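Given next are the chains, with one letter for each unit.
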Amino acid sequence: MKNLTVLSLVLLFTCTILSLPLQAQNLEKEAKALTKKYVKAYNKKDVATLASMYTNDAVRTFSDGRKYSGIAEITAAMEEEFAVNDLTVSIEHGSSEMNADGTATIKGTYQLVGTANGQPVTLSGSYNNTLTMVGKKWLMTNSSIMVDN
């Protein structure tokens, strides 16, 4: 019985290790698709699509100290942002990695160009997003957005 338990654990461990490259490859493809979807929705000011990319309890923080908790706050902040700004975003996907707890981390850089409160704006920075699988979709649970100085 002890040998069977050990063998089962070894097989489980081996299958997990062998599936990691496939998971990473799929994650990279899905992260790039998610990034493309985000850019398209942001540039159309499509708050409904953007909000659908977050979990209900997501947290979105900015390097200037702004923090929005929960989908209602995140949605309201996006609506407010789009009401006073006319910005276009471009995003460069950087990396994707699976975390031990089953979540994923995606990182990259962005650039915003346009007007904010009627003033010309060009700014860039980086992002670090934590995603979790909900059903068959990756959704953001934590989004940290940093502006370059």
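Within every chain, residues take consecutive numbers counted from 1 along the sequence as written. Residues qualify for local features only when their pLDDT is at least 70, as the model is predicted, and side-chain atom pairs are given and counted only at 80 or more; totals for whole chains, interfaces and linings, by contrast, use all residues. Remark: hydrogens and water are excluded; side-chain values derive from all non-hydrogen atoms of the structure.

Undergrad: What is the right way to read the overall build of the chain from this model?
TA: Numbering of helices and strands runs from the N terminus; a helix is a DSSP stretch of H or I covering at least four residues, while a strand is a stretch of E covering at least two. A tally of helices and strands in the chain yields three helices and six strands. Starting at the N terminus and ending at the C terminus, the chain contains elements arranged as α-α-β-β-α-β-β-β-β. Taking all 149 residues of the chain together, the buried fraction comes to 33%. Whether two residues are in contact is decided by their heavy atoms, any of which lying within 4.5 Å being enough. When contacts within the chain are restricted to residue pairs at least 6 apart in sequence, long-range pairs at least 24 apart make up 48% of them. Exposure was quantified through the Shrake-Rupley algorithm and a 1.4 Å probe, taking into account, for residues, occlusion by the shown protein chains and nothing else. Carbon and sulfur atoms form 58% of the exposed surface of the chain, whose accessible area is close to 9300 Å². When a residue's accessible area, from a 1.4 Å probe over protein chains only, is under 20% of the maximum for its type it is buried; when over 50% it is exposed; and in between it is partly exposed.

Undergrad: Is there a simple way to explain the sheet that holds strand E4 (residues 104-116) in this structure?
TA: The strands making up a sheet associate through backbone hydrogen bonding, with each pair oriented either parallel or antiparallel. Two strands are counted as paired when DSSP detects at least two bridges linking them. With respect to topology, six strands assemble into an open sheet ordered E2-E1-E6-E5-E4-E3, the strand pairing being mixed. The outermost strands of the open sheet, each flanked by one partner alone, are strand E2 (67-69) and strand E3 (85-98). Adjacent strand axes in the sheet meet at a mean angle of 20° when their direction is disregarded. Pairing analysis gives five bridges linking strand E1 (residues 54-62) to strand E6 (residues 137-147), with the strands arranged parallel. Only C-alpha atoms enter the line fits that serve as axes; for helices the fit covers just the stretch in contact. Angles between N-to-C directions range over 0 to 180 degrees.

Undergrad: Honestly, the environment of Thr122 in this entry has me stumped. Any pointers?
TA: Structurally, Thr122 can be placed in strand E5 (residues 119-134). On a C-alpha basis, the gap between Thr122 and Thr88 in space is 9.7 Å, while along the polypeptide they are 34 residues apart. The contact partners of Thr122, leaving out residues within four places of it in the chain, are Gln111, Leu112 and Val113.

Undergrad: Any chance you could explain the environment of Gly125 here in plain terms?
TA: By secondary structure assignment, the location of Gly125 is in strand E5. For the pair formed by Gly125 and Val147, sequence separation is 22 residues and the distance between their alpha carbons is 4.2 Å. Excluding anything up to four places from it in sequence, Gly125 contacts Gly108, Thr109, Tyr110, Met146, Val147 and Asp148.

Undergrad: I keep staring at the nonpolar core and nothing clicks. Help me out?
TA: Nonpolar side chains in soluble globular proteins generally cluster together in the buried interior. If you look at the biggest cluster of nonpolar residues, it comprises 31 residues, and the most contacted ones within it are Tyr38, Tyr42, Leu50, Tyr54 and Met78. Listing elements by their share of this core, those giving two or more residues are helix H1 (2-43), helix H2 (47-51), E1, helix H3 (71-84), E3, E4, E5 and E6. The leading source of residues in this core is H1, at seven residues. Each nonpolar core is a collection of buried residues, namely Ala, Val, Leu, Ile, Met, Phe, Trp, Tyr and Cys, held together in the definition by side-chain atoms within 4.5 Å.

Undergrad: Looking at this model, I keep getting lost on H3. Mind explaining?
TA: Any helix carries an expected span of 1.5 Å times its number of residues minus one. Taking 1.5 Å per residue, 14 residues should reach 20 Å; H3 reaches 20 Å between its end C-alpha atoms and fits that length. All of the buried residues along H3 are Ile71, Ile74, Thr75, Ala77, Met78, Glu81 and Phe82. In an axial view of H3, the angular spread of the buried residues amounts to 165°, which keeps them on one side of the axis. For H3, the exposed residues lying more than 90 degrees away from the buried face are Ala72, Glu80 and Ala83. The arc in question is formed by the directions pointing from the helix axis toward the C-beta atoms.

Undergrad: I keep staring at the pairing of E4 and nothing clicks. Help me out?
TA: Residues in a regular strand point their side chains to alternate faces of the sheet. Taken together, the 13 bridges between E3 and E4 define a ladder with antiparallel strand orientation. Residue pairing across strands places Glu92 opposite Thr109, the latter belonging to E4. Counting the residues between successive antiparallel strands, the hairpin from E3 to E4 contains five residues, one of them, Gly102, with a positive phi of roughly 90°. Sheet topology places E4 next to E5; 13 bridges connect them, and they run antiparallel. Along E5, the bridge assignment pairs Ala104 with Leu131. With antiparallel pairing between neighbouring strands as the criterion, E4 and E5 make up a hairpin whose turn holds two residues, including Asn117 at a positive phi of roughly 55°.

Everything listed here is a matter of coordinates, which is why it stays silent on function.
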